Amino acid sequence: MTALYVLDVPENTPLAKIAAADPAVTVDRIGPYFAITADGPIVIDRRATGCRHAVWYSAVAGVARDSRITQHDKDALRVEPGRVEPA
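What you see is a predicted model, and the numbers here were worked out from it, not measured in a lab.

**Q** Explain the overall build of the protein to me, and be specific about the residues and the numbers.
**A** Across its full length, the protein carries three helices and seven strands. Listing every helix and strand of the protein by position from the N terminus yields β-α-β-β-β-α-α-β-β-β. Each principal axis of the C-alpha distribution contributes one length, and for the protein these read about 35 × 25 × 25 Å. With 87 residues in all, the protein has 30% of them scored as buried. Within the protein, contacts between residues separated by at least 24 positions form 57% of all contacts whose residues are at least 6 apart in sequence. When the accessible surface of the protein is split by element, carbon and sulfur atoms take 53% of a total near 5100 Å². In the protein, 10 side chains carry a positive charge and 11 a negative one; their mean positions are 5 Å apart.

**Q** Just give me the short version of the side chain of T2, but keep the residues and values in it.
**A** Along the chain, the position of T2 falls in strand β1 (residues 2-7). For T2, the contacting residues outside a window of four places in its chain are I36, T37, A38, D39, G40, P41, I42, S67, V79, E80 and P81.

**Q** Now, about the pattern of salt bridges: what can you tell me, with residues and values included?
**A** Applying the stated criterion across every chain yields a total of four salt bridges. Where R47 meets D75, a salt bridge forms, and the shortest distance between an N and an O atom there is 2.9 Å. Of this pair, R47 sits in helix α2 (residues 46-49) while D75 sits in the loop between β6 (67-72) and β7 (76-81), and the two are 28 residues apart along the sequence.

**Q** Give a detailed account of the sheet that holds strand β4 (residues 42-45), specifying residues and quantitative values.
**A** If you walk across this open sheet you meet the three strands as β4-β7-β6, and the pairing is antiparallel. Sheet topology places β4 and β6 at the edges, where each strand pairs with a single neighbour. Within this sheet the neighbouring strands show an average axis-to-axis angle of 15°, counted without direction. As paired strands, β4 and β7 are joined by four bridges and run antiparallel to one another. Residue pairing across strands places I44 opposite L77, the latter belonging to β7.

So, how was this worked out
Residues numbered from 1 in each chain as written. Predicted model: local features only at pLDDT ≥ 70, side-chain atom pairs only at ≥ 80, totals over all residues. Heavy atoms only, no water. Helix = DSSP H or I, 4+ residues; strand = E, 2+ residues; numbered from the N terminus. Buried < 20%, exposed > 50% of the residue type's maximum accessible area, 1.4 Å probe, protein only. Contact = heavy atoms within 4.5 Å. Areas by Shrake-Rupley, 256 points an atom, 1.4 Å probe, with all protein chains shown as cover. Lys, Arg positive; Asp, Glu negative; His and termini not counted. Charge placed at Lys NZ, Arg CZ, Asp CG, Glu CD. Salt bridge = Lys/Arg side-chain N within 4 Å of Asp/Glu carboxyl O. Pairing = 2+ DSSP bridges. Axes fitted to C-alpha atoms, helices over the stretch in contact; angles between N-to-C directions.

These results come straight from atomic positions and should not be treated as a statement about function.
Pasting the structure below:
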C-alpha cells in the first residue's frame, strides 16, 4: 500500500481534498496528519490544489516504509509503491 502523510493545517487542506477526489485514494486522519493512501500510485496535481510553491514543497511530512516519492516538482507530487534499497 502506498501512503503519504501531510500535516493537517489549513494550508494543506486543498492537497488532501484533491487527493480524495481520486476514487482509488483514501484520505483519513492519524493524529495531526492527513494519511493519504492507495493500493497503487498517488498523484496530486499542484495546480489543481491552488497551493503556492512554498506550501507545495513543504507539505510532505513523510511516506510509508514501502512507498517512495518519484515526482515532486512544480507540476505534481507522485508517490509509488516500492522501497528504495540502500546502495
